[in-house]
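Descriptive analysis of the structure
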Amino acid sequence: MRSILAVDDSASMRQMVSFTLRSSGYEVIEAIDGQDALDKIGDRQVDLVLTDQNMPRMDGLTLIRQLREQDRFKRTPILVLTTESSDEMKQAGRAAGATGWMVKPFDPARLLEVIGKVLPH
Amino acid sequence: MSETHGQSGSADFDLSQFHGVFFEEAGENLANMESLLLALDETSADDESLNAIFRCAHSIKGGAATFGFQDVADLTHVMETLLDKLRRHELAVTTGMIDTLLESGDVLGHLLARHQGGAGEPIDCTELVGRIGALAHGSAAAAPLTAPPAAQAAPAVPAAPVTVPACGPIAGTRVLDIAIGPMDEPSLADHLADLFTEIPGLGTIEATDGGRAGPDRIRRFRVLTQASDADLLDLFSFHVAREQVRIVDGSADAGTAAAPAVASQAPAAAAPVSDSASYGFFDDGPGAPGPADQAPPVAVPAVSAASTKAPAAASRSAKNAERGSSPASNLEQSTIRVPIEKVDQLINLVGELVITQAMLAQTGRNLDPVIHQAMATGLADLERNTRMLQESVMAIRMIPMAVVFNRFPRMLRDLAGKLGKQVELQTIGEDTELDKGLIEKITDPLTHLVRNAADHGIEMPQDRIARGKPAGGTVTLAAAHQGGSVVIEVRDDGRGLNRDKLLRKAAERGLPVHEAMTDQEVYALIFEPGFSTANEVTDVSGRGVGMDVVKRNITSLGGSVEIDSTEGQGMRVSVRLPLTLAIMDGMSVGVARETYIVPLASVVESIHLSADDVKSVGGSARVVEVRNEYLPLVALDELFDVPREPGQAGSGIMIVIEAEGGRVALLVDELIGQHQVVVKNLEANYRKVPGVSGATILGDGRVALILDVSWLVRRARH
């Protein structure tokens, strides 16, 4: 089963994302912020990381940088969730090592569509 | 917008299943935002607070947009725009901004309540959205970062003076191609031009479609501006639907000086491989799909297959990891939401269980402990477990006083502003827990007391200084457990009560007062209906109506209220409440063949009565002397018309009870014992009976009435 790390400080967003992904056969690890994500993931590997940007304690970009520093996450697709697709955000996401971005709001279909592009069956 | 395809079939979820979580979360965010805003120091707003406030709005917006609450999303969007500029220090925080943001929080609360199915009038946020947009845009157009905070004092927008070079793009100016439509009425888009003439510094706009839409009913413009996409969208949305606006960077073919400006700002600009309005991938992003996977640091075959290989390998290693010790990936749910009815049902059942247990215990006492030893042990266990179960179940309904206290900082802020006073709120013991039902019912009386303290208690700053006090007054809210009760105090360091003035007012109103009354009794006069001590009526606390209602509400909860004051130094109102309405510590007393329950909290002492102590005063009224104080004597058998066997006389035991600052001696036949009783509402099951506040079922199955002590004291003393 493909595993996805979903990081968002909003419980409703987390539930929606997890429910969607689990219903489509993914294993989901939920985390409430960057620090929680690092704690939860421990020394395991995931197939994809989906992270919100603005979170307390550790934001999404810091999380991405910290993940990219580890060899096992060098090639893992990481998508940043953002509320605006401004150039500024894109540059920041790219510089941190993100694979791509996805604009909020999105619906379950869009989420699966985008994930399908980076995690082909 | 890109087409939705792929696994959309399996993604056809009902998003409403997440609404409950969203509402709960949004409520928390709103409360959090309000307390952060209230605590914000305008002169030196710290980044952490500003970020946290931004995150609250941001989080609500994200959820609202996802779950389809457009009005909430729209309002939080403009709030977010303003807050973003504040946290980036592009704007300085002003009182006006805080007020507007607080107001927006209130409106959001209403909007959310309406979506949640609650009642309430529909709200038109257009004006508010415009106002927030004005706060954000107006000052933003003024030279950011360099403007001194003082210059931000007047946030009125279109009037904000801005200097923009008359022609030619300046550094930071972007060239944008804007498409709007398809529109039923394409000419509406011409109004956008008005925005650029009305708002100085916004930039310029020109139609690139010759002023009319083609067959696709889409209007096209070219805009030169320093404003962000989000700001433009906000402004455009006054005239056209936000969803119809497409903003594309037009600098590529612009051929103006603006293009280099953009490029120099972002030298590392990465052309997205796949970009739609809603998602995209970086061409050098690890794991990105697409033809050109050119990851620089790690040597990976530069073919598209790389992107699929890597995750596949990752997936394998994930499986290996799982075989070891994989942490549980499911969300650790630390709380659950349960309808209150379910909890109440549980409490009712436990109440019945307590009664059954009491009956069994009573029966068990008649058994020979030697023969029925196992039974006695079992009954003892049952009693202990029942008590623990009861406590645990009651604890479910217990919520911290903070729920009530948290509403007061905002209220006092608004109030102080209205009254021209400086009032600081101090809270103590907000962790103190109280039954949810009680919390709900005590909120209004407490609100009234706090409002009174600020309005009538705290003096105007100049008066306070004249009296040698600090200009700002303090209202203190303190909650603490005391035995089986919770005591909530509302204190202020204001002018306090004037005994003579109170007595004079009471006399004017024909109330029975005399000089020998204790201070407590004099202060309690303000609870009399229609009694007001304020010289002038204000629109904040009104005309003194209310204190009697406050008292009545508290008394109806089985609580009491007392006042203490030192003139010139302040006043303290203490509200004593039972921990819960469902269980009470009671003393059961026998009167002939009846049993009554006296709330233990109001029992002062019990004394054996001798005939010499009783004195008759005028008619049938009797008093009894207890420790040099004459107390009214109330015989319960006479009061409730309890039938007596001929020749049977009372044994002359009296219980001194205290309520509302007064004491009364109750004459009873015997003291049966102290125990917890499960309170049953008499009104709901029968009807209201004067002198009786409820009923309970005794261990032997009989019903005992619970005495309304306040009523008894009032009746005996007036």
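Anything mentioned here points back to the structure above.
Notes on the structure in this doc start here. (Residues numbered from 1 in each chain as written. Chains lettered and ligands numbered in written order. Predicted model: local features only at pLDDT ≥ 70, side-chain atom pairs only at ≥ 80, totals over all residues.)

Quick look at the overall build of chain B now. In terms of regular secondary structure, chain B is built from 21 helices and 24 strands. Scored against the burial criterion, the 718 residues of chain B give a buried share of 33%. (Helix = DSSP H or I, 4+ residues; strand = E, 2+ residues; numbered from the N terminus. Buried ≥ 20, exposed ≤ 12 C-beta atoms within 10 Å, placed from the backbone.)

Attention now goes to the environment of Met517 of chain B. Residue and element names in this part refer to chain B. Within the element layout of this structure, Met517 appears in the loop between α16 (499–508) and α17 (519–523). C-beta crowding within 10 Å serves as the criterion here: with 17 such atoms nearby, Met517 is assigned to the partly exposed category. Separated by 14 residues in the primary sequence, Met517 and Leu503 place their C-alpha atoms 9.4 Å from one another.

All right, on to the nonpolar core then. Nonpolar side chains in soluble globular proteins tend to end up buried together. Counting 79 residues, the largest nonpolar core has Ile4, Leu5 and Leu50 of chain A together with Val72 and Leu82 of chain B as the members making the most contacts within it. For this core, the leading source of residues is helix α2 (residues 47–67) of chain B, giving nine residues. Discounting chain neighbours no more than four positions away, the residues touching Leu5 of chain A are Ile29, Ala31, Ala37, Ile41, Val46, Val49 and Leu50 of chain A. One finds Leu425, Leu446, Leu502 and Met547 of chain B within the second-largest nonpolar core, a separate group that totals 42 residues. (Core = buried A, V, L, I, M, F, W, Y, C linked by C-beta atoms within 7 Å. Contact = placed C-beta atoms within 7 Å.)

Residue and element names in this part refer to chain B. Here helix α13 (residues 408–419) is twelve residues long and its end C-alpha atoms lie 16 Å apart, about the 16 Å a rise of 1.5 Å per residue gives. Considered for burial, the residues of α13 that qualify are Phe408, Leu412, Leu415 and Ala416. The buried residues of α13 occupy an angular sector of 100° when projected down its axis, which confines them to one face. Of the residues trailing α13, Gly420 is marked for its positive phi of about 70°. (Expected span 1.5 Å × (residues − 1). Arc of directions from axis to C-beta.)

A separate point is the packing of helix α1 (residues 19–39) of chain B against α2 of chain B. Any two packed helices are characterised by the angle at which their axes cross and by the distance between the axes. Residue and element names in this part refer to chain B. Orientation of α1 relative to α2, taken along the N-to-C sense of each, is 155°, at an axis distance of 9 Å. Considering their axes alone, α1 and α2 lie roughly antiparallel with respect to each other. The element α1 and its partner α2 pack so that their crossing is left-handed. Contacts between α1 and α2 involve His19, Phe22, Glu25, Ala26, Asn29, Asn32, Met33, Leu36, Leu37 and Ala39 from the former and Ser49, Ala52, Ile53, Cys56, Ala57, Ser59, Ile60, Gly63 and Phe67 from the latter. Here the contact of α1 with α2 is composed, by residue class, of twelve nonpolar, six polar and one charged. (Axes fitted to C-alpha atoms, helices over the stretch in contact; angles between N-to-C directions. Parallel < 35°, antiparallel > 145°, perpendicular 65-115°, else oblique. Left-handed = near helix turned anticlockwise from the far one by under 90°. Nonpolar A, V, L, I, M, F, W, Y, C, P; charged D, E, K, R; others polar.)

A word on the sheet that holds strand β16 (residues 603–608) of chain B. Residue and element names in this part refer to chain B. Reading across from one edge, β16-β20-β21-β19-β18-β17 is the order of the six strands in this open sheet, with mixed pairing throughout. Strand pairing shows two members of the sheet lacking a second neighbour, β16 and β17 (614–616), which therefore form its edges. Strand after strand, the sheet turns through a mean of 35° between neighbouring axes, direction not considered. Summarising the sheet, β17 and strand β18 (residues 622–626) pair through three bridges and their orientation is antiparallel. Residue pairing across strands places Val614 opposite Val624, the latter belonging to β18. (Pairing = 2+ DSSP bridges.)

Function cannot be read off these values alone, since they describe shape.
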